[in-house]
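Geometric and topological summary
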Amino acid sequence: RGLGDGYKGQEQTEPIHRRVAIKIIKPGMDSKAVIARFAAERQALERMDHPNIAAILDAGVTERSLPYFVMEHVKGVPVTEHADRERLDVEERLDLFIQICEAVQHAHHKGIIHRDLKPSNILVAWEGERAVPKVIDFGVARATDQSGNEVAFTRHGQLIGTPEYMSPEQAEMSVQDIDTRTDVYSLGVVLYELLTGALPFEPRTLRQAGLDAVRKIIREVDPPLPSKRLRSLPIDGETTLGTVSKARRTDSKRLARLLRNDLDWVIMKCLEKSRD
């Protein structure tokens, strides 16, 4: 969506025979400035070496001058889907999340900001009998930022990223620098969803709102505490307090009690409107 097209499960034959995923930047996103930033970014991406980050195996430019990345092919599912499918309890979900945080911290130490952290970019794959989360698409947005300012907008005035997980400074669409704290915000949203089965803001509300309304919600509206969000879940439907609690192998009262205080505080700290 947006910057590039992904081709999963392609065969690399040299120098090693393996399955890979290829991300090719769409035509029109291939300005000289983009390619120059891409070349500088490639070296940083290749320095990352962490078991919970899908490895960047190669990068370059096609015959049509379109930048591309060759990445480790992760045969997994989004972290939220995995956690619910395996009925992980709160502690097990936190164990997964800690690994994700360590991966993001490693990237930040290498000077890489993800800018679009969300469950579909955090896949969980089985390695033997162990489930391992892998963060994918690290640095792609930064490498292909064509605006000369920030990745939060395009020349058409559209948000780049996923509104449900987007930090207020990304929604600002200004020349304000985007730094590592934007990833911390997105991690807070992912943890919110992992623990409550819901997002801080209703996706339908964001999707139906216009661009200005979406930006206003993200920048100005405070989401409910995770423990309170649990109590507001509908009585019937696919996602109810009962189904969410069952997927976490507990009852609703105990789940709310587990979230109160420390976990509420940690998540809401991540979701502060002011990154300062």
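Read on for an overview of the structure. The structure displayed is predicted, hence computed values, not measured ones.

Let's talk about the pattern of salt bridges
For the structure on display, the rule yields 16 salt bridges. Put simply, Lys-134 and Glu-127 hold a salt bridge, and the shortest N to O gap is 3.9 Å. You can call Glu-127 partly exposed: its relative accessible area is 42%. Close ionic contact of Arg-181 with Asp-276 constitutes a salt bridge, the shortest N to O distance being 3.2 Å. Of the two residues, Arg-181 is situated in helix 6 (residues 181-196) and Asp-276 in the segment after helix 12 (262-270); the sequence distance between them amounts to 95 residues. One network of salt bridges, with partners in common, ties together Asp-179, Arg-181, Arg-275 and Asp-276.

As for the pairing of strand 7 (residues 130-135)
Within strand 7, five of the six residues are buried, which leaves it mostly tucked inside the rest of the structure. When strand 6 (residues 122-127) meets strand 7, the two strands line up antiparallel, connected through six bridges. If you follow Trp-126 over to strand 7, its bridge partner there is Ala-131. The antiparallel pairing of strand 6 with strand 7 creates a hairpin that spans two residues between the two strands, and Gly-128 there sits at a positive phi of about 70 degrees.

Description of the packing of helix 3 (residues 90-109) against helix 6
Here helix 3 crosses helix 6 at 165 degrees, and the two axes come no closer than 11 Å. In terms of orientation, helix 3 and helix 6 fall into the roughly antiparallel class. Handedness of the crossing formed by helix 3 with helix 6: right-handed. Facing Val-90, Arg-93, Leu-94, Phe-97, Ile-100, Cys-101, Val-104 and His-108 of helix 3, the residues of helix 6 in contact are Asp-183, Leu-187, Val-190, Leu-191, Leu-194 and Leu-195. Taken together, the residues of the contact of helix 3 with helix 6 sort by class into 11 nonpolar, one polar and two charged.

What counts and how
- Within each chain, residues carry numbers counting from 1 in the order of the written sequence.
- Confidence filtering applies because this is a predicted model: local features only for residues at pLDDT of at least 70, side-chain atom pairs given and counted only at 80 or more, and all residues used for totals across whole chains, interfaces and linings.
- The side-chain figures draw on all heavy atoms in the structure; neither hydrogens nor water molecules are used.
- By definition, a salt bridge exists where a carboxyl oxygen of Asp or Glu is found within 4 Å of a side-chain nitrogen of Lys or Arg.
- Under the scheme applied here, a residue whose accessible area is under 20% of the maximum for its type counts as buried, over 50% as exposed, and between as partly exposed, the area being computed with a 1.4 Å probe on protein chains only.
- Strands are runs of DSSP state E lasting at least two residues, helices are runs of H or I lasting at least four, and both sets are numbered from the N terminus onward.
- Note: two strands are recorded as paired if DSSP finds a minimum of 2 bridges between them.
- Working convention: axes come from line fits to C-alpha atoms, limited for helices to the stretch in contact. Angles between N-to-C directions cover 0 to 180 degrees.
- By definition in this entry, angles of less than 35 degrees are roughly parallel, angles greater than 145 are roughly antiparallel, angles of 65 to 115 are roughly perpendicular, and the rest are oblique.
- The crossing is said to be left-handed when, going from far helix to near helix, the turn is anticlockwise and less than a right angle, and right-handed when the turn is clockwise.
- Contact criterion: two residues are considered in contact whenever any of their non-hydrogen atoms come within 4.5 Å of each other.
- Basically, the charged four are Asp, Glu, Lys and Arg, the nonpolar ten are Ala, Val, Leu, Ile, Met, Phe, Trp, Tyr, Cys and Pro, and anything else, Gly included, counts as polar.

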